[in-house]
Amino acid sequence: MATTLEQYGNIAGSDVVRQLELLARPMRGLRVVHVNSTRQGGGVAEILATLVPLMEELGLRTSWEVVEGSPGFFQVTKLFHNGIQGQQVVLPEALLAEYRRVTLENAERLRSTLEEADIVFIHDPQPAGLLAALPARRGKWIWRCHIDAGHPHRPVWRFLRPLVQGYDACIFSLPDFAQELPQPCYLIPPSIDPLAVKNVDLGEDEIDAVCAEHRLDRGRPLLVQVSRFDRFKDPVGLIAAFRLARPFIPGLQLVLAGGGAADDPEGAAVQEEVMAAAAGDPDIRVLSLPPDAHRVINALQRAADVVLQKSTREGFGLTVAEALWKSKAVIGGNTGGIRLQVVNHQTGFLVNSPEGAALRIRYLLRHRDRLQAMGQRGREHVHQNFLITRQLREYLTVMLGLVRAATDRLELD
Amino acid sequence: MAGLAIKDCALVSIATGRRASSLPELRDGIRAVPQESLYFHFWGRLLRPRFDDPEYHSDFASWAQHCLHDELLAERLAVIDPADFTDLERLREEVVDVIDNHLQEAVPVYTRPDRQFHFRRCQTVVFDTGQVITRPEVLPQAISALSLGSIYYHVIDARRREPVRKDDFRAWAEGLGARYQGLADRLGGIDPYFSNLAELREQLSVAAARFFAEEG
């Protein structure tokens, strides 16, 4: 049975895996700890579930710790999360006191692991306070911010900045997402895992079965958007685009697949709006899927003729990379990380309006050769830039730079 | 005959915190940033995730086209080939001159906040692969099997290294004597600026293969 690294080598290339091994070699035996706020659910946990075993296989003694907290703790860290992304939130003093209290509890629980670690990755704001609570730490600490901190709500950033400015380095996904801090701020885009359930190859039988279950006709053209029911994803605008394009594309179908609405009052409201906009239209399916419906999402993306991500505002939007990896051209909103994945006219089209989306839908479905060529380029684009092996290589590069106290250049013997 | 030890490198980008929203701000930034940042925006794109339309090969030209929508400036910046400059300060002067001249005939425009130019620099880690090329005859196959990081190190990075300042394959072939001067000339004749690293690897491998095929 192939090791995990060998499996990634089969996809990314053996030279890529060899490079990882050479980069990791000087750090073999170092203790690396990742800390985040959940072991299941969400993009960070998904990435760590792959990264941690890969680092282990490369000879780094890697572990993954999760902060524990009270409802008040997670209430305030949710406010941090929203505030960092620019939402105007109020931080009640009682909740901030709870954040400090729970942080000290977690620091006590994790003290020996974190103080003895050579490298600690703290993911997102929830565990950010651990650094200040462990002054006897000996390793290098990195704050990895996965969300867009480019335009934070100032009161939130005033609270968080003192917590993160003591780290040895921080990592943001994009230059636009970064804040000015005294330490080096590395820029490392996120990635997808080609071996994850949502990205592995599927047989046509399974794709057919998923389509049949959701009453989709594989003999007719299909548009798919996968995203939470969120106004910034512009699902209603996508329905408008679909209706503008449909008269020119007989039999056109649209799937809006999302999830999590039951736990999210705003999501439920948006889903209602989407259902209302789609009401009575037999060619539109609004699917509310459970968070673990990865295989269904995978099948829907593979069944699509064109995948859309018609967001008006977006973080990184990794669903775009997931679709490109499946050789699908993507029509994406001209915003955030979508711009980096949809290379306009190469791997899909960037659009600014429902009209623009409708025009590109019509064009692609009338020019199947271009549709196919864009899909192939999209897969190669992801192969080169958005696989987890690239992200791991960049993490290893940062780690080496820190443990060897390098500045611009480090030459290993 | 001394072998050519193959190295590899990895690069990660770092925000400098400096941004530009207009052409005058870009010019001022180019004047102020460290040489490493300038180097990164011309050459670093070869070794980091490539997001932009590869029509223009410097970040400055891409930004002029995509964010300022100034095609004329994009063309003027794109034609600056960093391989022509052995000194990064001369390259910096050239870019600033082009922008200054352009500003005399163009009205500066401001980009949207989400379209700013972000000056970055890079951190590079170089490491030994343990591989040594011992005979020039194996170059075609050996080059085609190298990682893109190795291609970057031996072709792009090598041009900055004193005292030779030329790509390692060419320098190695020259050191092997007159018999391999033709090989050195072929390898040195490849312009790396307008290729991506995979294309460059292919061009180098083909050039070496042709030399040996013609040499018989």
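Above this text sits the structure in question.
What this report covers is the structure whose coordinates are included nearby. Source: prediction; values computed, not measured. (Residues numbered from 1 in each chain as written. Chains lettered and ligands numbered in written order. Predicted model: local features only at pLDDT ≥ 70, side-chain atom pairs only at ≥ 80, totals over all residues. Heavy atoms only, no water.)

The number of helices and strands found in chain A is 16 helices and 13 strands. A compact globule built from 413 residues should have a C-alpha radius of gyration of about 22 Å, and chain A, at 22 Å, falls within 12% of that. In terms of overall dimensions, chain A has a C-alpha envelope of 70 × 50 × 35 Å along the principal axes. Within chain A, buried positions represent 59% of all 413 residues. (Helix = DSSP H or I, 4+ residues; strand = E, 2+ residues; numbered from the N terminus. Rg over C-alpha atoms; globule rule 2.2 N^0.38 Å. Buried < 20%, exposed > 50% of the residue type's maximum accessible area, 1.4 Å probe, protein only.)

It is common to give the size of an interface as the accessible area lost on bringing the parts into contact. Contacts between the two partners involve 39 residues from chain B, matched on the other side by 39 residues from chain A. A combined buried area of about 3200 Å² lies between chain B and chain A, and 50% of that area is made up of carbon and sulfur atoms. Taken together, the connections running from chain B to chain A amount to 3 salt bridges. One salt bridge in this structure joins A:Arg339 and B:Asp114, with 2.8 Å as the shortest N-O distance. Put simply, the parts of the chain that give the side of chain B that touches chain A at least two residues each are strand E1 (4-20), strand E2 (117-133) and helix H7 (148-156) of chain B. Classifying every residue of the side of chain B that touches chain A by side-chain character gives 15 nonpolar, 8 polar and 16 charged. Pairing analysis gives 3 bridges linking strand E6 (residues 185-187) of chain A to E1(B), with the strands arranged antiparallel. Opposite A:Leu187, over in E1(B), you have B:Ser13 as the bridge partner. (Contact = heavy atoms within 4.5 Å. Buried area = accessible area lost by both parts, 1.4 Å probe. Salt bridge = Lys/Arg side-chain N within 4 Å of Asp/Glu carboxyl O. Nonpolar A, V, L, I, M, F, W, Y, C, P; charged D, E, K, R; others polar. Pairing = 2+ DSSP bridges.)

Here the focus is the pairing of strand E5 (residues 169-172) of chain A. All names here are of chain A. Where burial is concerned, the two faces of E5 agree: the one with Ala169 and Ile171 and the one with Cys170 and Phe172 are both buried. Summarising the sheet, strand E4 (residues 140-144) and E5 pair through 3 bridges and their orientation is parallel. By the bridge assignment for E5, Trp143 is matched with Cys170. Running through helix H7 (residues 154-164), the crossover from E4 to the neighbouring parallel element E5 is right-handed. Direction of pairing for E5 relative to E6: parallel, over a ladder of 3 bridges. Residue Cys170 lies in a different strand from E6, and its bridge partner there is Cys185. (Right-handed = clockwise from strand over helix to strand, strands pointing away.)

For the rest of this paragraph, the subject is the environment of A:Gln7. Residue and element names in this part refer to chain A. Residue placement: Gln7 occurs in helix H1 (residues 4-12). Among the residues examined, Gln7 registers a relative accessible area of 28% and is labelled partly exposed. Separated by 187 residues in the primary sequence, Gln7 and Pro194 have C-alpha atoms spaced 9.9 Å apart.

Next up on the list: the nonpolar core. Core analysis: the largest hydrophobic core is formed by 66 residues, its most contacted members being B:Leu26 and B:Leu77. When neighbours within four sequence positions are excluded, B:Leu77 is seen to be in contact with B:Phe60, B:Ala61, B:Ala64, B:Val95, B:Val98 and B:Ile99. If you look at the next biggest cluster of nonpolar residues, it comprises 43 residues, including A:Val33, A:Val120, A:Phe159 and A:Leu181. (Core = buried A, V, L, I, M, F, W, Y, C linked by side-chain atoms within 4.5 Å.)

Time to look at the sheet that holds strand E1 (residues 31-36) of chain A. The 9 strands lie next to each other as E2(A)-E1(A)-E3(A)-E4(A)-E5(A)-E6(A)-E1(B)-E2(B)-E13(A), forming an open sheet whose pairing is mixed. Each edge of the open sheet carries a strand with a single partner, namely strand E2 (61-66) and strand E13 (409-411) of chain A. Strand-to-strand twist across the sheet, computed as the mean angle between neighbouring axes with direction ignored, equals 25°. (Axes fitted to C-alpha atoms, helices over the stretch in contact; angles between N-to-C directions.)

A few words now on the pattern of salt bridges. Within the structure shown, the criterion is met by 45 salt bridges over all chains. Here B:Glu214 makes a salt bridge to B:Arg186, at a shortest N to O gap of 2.4 Å. With B:Glu214 in helix H10 (residues 197-215) and B:Arg186 in helix H9 (residues 181-188), this residue pair connects regions lying 28 residues apart in the sequence. Judged by its relative accessible area of 58%, B:Glu214 is exposed. What you see here is one network of salt bridges that share partners, running through A:Arg220, A:Arg243, A:Arg246, A:Asp281 and A:Asp283.

Attention shifts here to unusual backbone geometry. Notably, A:Asp124 is not glycine yet its phi reads approximately 70°, a positive angle. Inspection of the secondary structure assignment puts A:Asp124 in the loop between strand E3 (119-123) and helix H6 (130-133). Even without a glycine there, the phi angle at B:His69 is positive, about 55°. Summarising the element assignment, B:His69 is placed in the loop between helix H3 (59-66) and helix H4 (71-78). A relative accessible area of 62% means that B:His69 is categorised as exposed.

Its 19 residues place the ends of H10(B) 27 Å apart at the C-alpha level, agreeing with the 27 Å of an ideal helix rising 1.5 Å per residue. Listed in full, the buried residues belonging to H10(B) are B:Leu197, B:Leu200, B:Arg201, B:Leu204, B:Ser205, B:Ala207, B:Ala208, B:Phe211 and B:Phe212. Relative to the axis of H10(B), the buried residues are bounded by an arc of 155° and lie together on one face. Pointing more than 90 degrees away from the buried face of H10(B) are the exposed residues B:Glu202, B:Arg210, B:Ala213 and B:Glu214. Those residues of H10(B) hidden inside the fold are in contact with helix H2 (14-24) of chain A together with helix H6 (139-144), H7, helix H8 (168-175) and H9 of chain B. At the N-terminal boundary of H10(B), the capping side chain belongs to B:Asn196, with an oxygen 3.1 Å from the backbone nitrogen of B:Ala198. (Expected span 1.5 Å × (residues − 1). Arc of directions from axis to C-beta. Polar contact = N/O pair within 3.5 Å; in protein donor to acceptor, adjacent residues only side chain to side chain.)

Turning to the packing of aromatic side chains, a few remarks are in order. This model, assessed by the stated rule, comprises 18 aromatic pairs over all chains. Residues B:Phe117 and B:Phe119 carry aromatic rings whose centres are separated by 4.9 Å and whose planes lie at 70° to one another, so their mutual orientation is edge-to-face. Across this residue pair, the class does not change: B:Phe117 and B:Phe119 are buried. Linked through ring pairs, A:Phe73, A:Phe74, A:Phe80, A:Tyr99 and A:Phe159 together constitute an aromatic cluster. The ring of A:Phe232 carries A:Arg313 above its face, with NZ or CZ at 5.3 Å from the centroid. Seen from the ring of B:Tyr39, B:Arg160 lies directly overhead, with NZ or CZ sitting 3.9 Å from the centre. (Phe/Tyr/Trp six-rings, centres within 6.5 Å; stacked < 30°, edge-to-face > 60°. Lys NZ or Arg CZ within 6 Å of the ring centre and 35° of its normal.)

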